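Now for the letters of each chain:
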Amino acid sequence: MQVYYLEDFDVLPLKLDKEESHHVIHVLRHRKGDSIQITDGKGKKAIAVISIPDPKGCALEITEMLPTENKHDYKLHIAVAPTKNIERFEWFIEKSVEIGIDEITPMLTSRSERKVVNAGRLNKLMLSAAKQSMKSTFPRLNGLANFNDFIKSTNCDQKFIALCTDGLPLLKNSYQKGKSSIILIGPEGDFDEKEAALAIENNFNAISLGENRLRTETAALVVCQSIAFMNQ
């Protein structure tokens, strides 16, 4: 059963927004009395019956609350420089949500090739990926952040900066299972020396993702998959 997003289960009458309603009624052609699955994106999930099949505001009645999704016992926040080709960054957003990520921050660095992102579109992609993978807890997408401001204001159990420098310890040998972490992924040209030094001054540990030189979006997805695997 496909899952649909309803922001607040406590606001009555329950109504899907226009976009979700259109999909339920016009695309999938559900009718009055049909059952659908809904989530608030914060952990709640339920079965609801369509009471008014309005494509502009489909009204629902909850018939069954479903068990809360088991959350993983770690938190992963990836801050990454958006790619020049925005489709590659959107691909990372989609796949990281499917694998499991808690927070994403697009980050502006000195070598960033893209300095603007469409937050509305990225949020829609994130929502779609979360629903497609049947998640009831959605990740958080932050606004575009300046590198210097971000590393000075953030706090976490473990903080890493991935660099294209020989001799650095691998992520798998530095990460501690079950803890919250922030991992910085730079643009195609990597972080510059000043940024790397500033991150280390602010208690970020420099790590390597292996011998192969990876594209930005590939590196970010490797981090996401590696953390998920190490916490299994």
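Placed above this text is the structure.
In what follows, the accompanying structure is described. (Residues numbered from 1 in each chain as written. Predicted model: local features only at pLDDT ≥ 70, side-chain atom pairs only at ≥ 80, totals over all residues. Heavy atoms only, no water.)

## What to know about the packing of helix α2 (residues 86-99) against helix α7 (residues 216-230)
Think of two packed helices as two axes; the pair is described by the angle between the axes and how far apart they sit. For clarity, the cut-off: Lines fitted to the C-alpha atoms define the axes, with helices restricted to the stretch that makes contact. Angles between their N-to-C directions range from 0 to 180 degrees. To qualify as a helix, a DSSP run of H or I must reach at least 4 residues; to qualify as a strand, a run of E must reach at least 2; elements of each kind are numbered from the N terminus. Any angle from 65 to 115 degrees is called roughly perpendicular, while one under 35 is roughly parallel, one over 145 is roughly antiparallel, and all others are oblique. Any two residues having at least one pair of non-hydrogen atoms within 4.5 Å are treated as being in contact. Three classes are used, and their members are as follows: Ala, Val, Leu, Ile, Met, Phe, Trp, Tyr, Cys and Pro are nonpolar, Asp, Glu, Lys and Arg are charged, and the others, Gly among them, are polar.
At a minimum axis separation of 9 Å, α2 and α7 run at an interaxial angle of 5°. With respect to α7, the axis of α2 lies roughly parallel. Residues Arg-88, Trp-91, Phe-92, Lys-95, Ser-96 and Ile-99 of α2 pack against Glu-217, Ala-220, Leu-221, Cys-224, Gln-225 and Ala-228 of α7. Looking at the contact of α2 with α7 residue by residue, the class counts come to seven nonpolar, two polar and three charged.

## Re the nonpolar core
Let me state the cut-off plainly: We define a nonpolar core as any set of buried Ala, Val, Leu, Ile, Met, Phe, Trp, Tyr and Cys residues linked to one another through side-chain atoms lying within 4.5 Å. Think of it in three bands: with a 1.4 Å probe and only protein chains considered, a residue is buried below 20% of the maximum accessible area for its type, exposed above 50%, and partly exposed in between.
Counting residues in hydrophobic clusters, the biggest one holds 30 residues, and the most contacted among them are Ile-78, Phe-92 and Ile-185. Per element, the largest residue contribution to this core is seven residues, and it comes from α7. In this structure, Phe-150, Ala-196, Leu-198 and Ala-199 belong to the second largest nonpolar core, which totals 16 residues.

## Topic: the pattern of salt bridges
Side-chain pairing between opposite charges can occur once the charged atoms of the two side chains come close. Our working definition: In what follows, salt bridge is the name for a side-chain nitrogen of Lys or Arg lying within 4 Å of a carboxyl oxygen of Asp or Glu.
Evaluated as defined, the whole model comprises nine salt bridges. Of the charged contacts in the structure, one is a salt bridge between Lys-44 and Asp-10, with a shortest N-O distance of 3.8 Å. On the criterion of sequence distance, the pair formed by Lys-44 in the loop between β3 (35-39) and β4 (45-52) and Asp-10 in the loop between β1 (3-5) and β2 (14-15) is long-range, its members being 34 residues apart. Among the residues examined, Lys-44 registers a relative accessible area of 35% and is labelled partly exposed. Accessibility expressed as a relative area gives 60% for Asp-10, which makes it exposed. Between Glu-103 and Lys-75 there is a salt bridge, with its nearest N and O atoms 3.3 Å apart.

## Details of the pairing of strand β10 (residues 158-162)
Remark: a regular strand shows side chains that alternate across the two faces of the sheet. What counts is decided by this rule: In this description, strands pair whenever DSSP reports at least two bridges between them.
Among the five residues in β10, five count as buried, and that is most of the element. The alternating pattern of β10 places Gln-158, Phe-160 and Ala-162 and Lys-159 and Ile-161 on opposite faces, both of which are buried. Pairing between β10 and strand β11 (residues 181-185): four bridges, direction parallel. Of the residues in β11, the one forming a bridge with Gln-158 is Ser-181.

## A word on helix α3 (residues 119-132)
Keep this limit in mind: Helices are assigned an expected span. That span is 1.5 Å times one less than the residue count.
Here α3 contains 14 residues, and its C-alpha end-to-end distance of 20 Å stays within 8% of the 20 Å for a straight helix at 1.5 Å per residue. Buried residues of α3: Leu-122, Met-126, Ala-129, Ala-130 and Lys-131, and no others. Buried-residue contacts for α3 involve β1, α1 (18-27), α2, β7 (103-108) and β8 (140-141). Looking one or two residues past α3, Met-134 carries a phi angle of roughly 60°, positive in sign.

## Describing the side chain of Ser-96
Note that Ser-96 resides in helix α2. Dropping the residues within four chain positions of it, Ser-96 is found in contact with Ile-101, Ile-104, Leu-221 and Cys-224.

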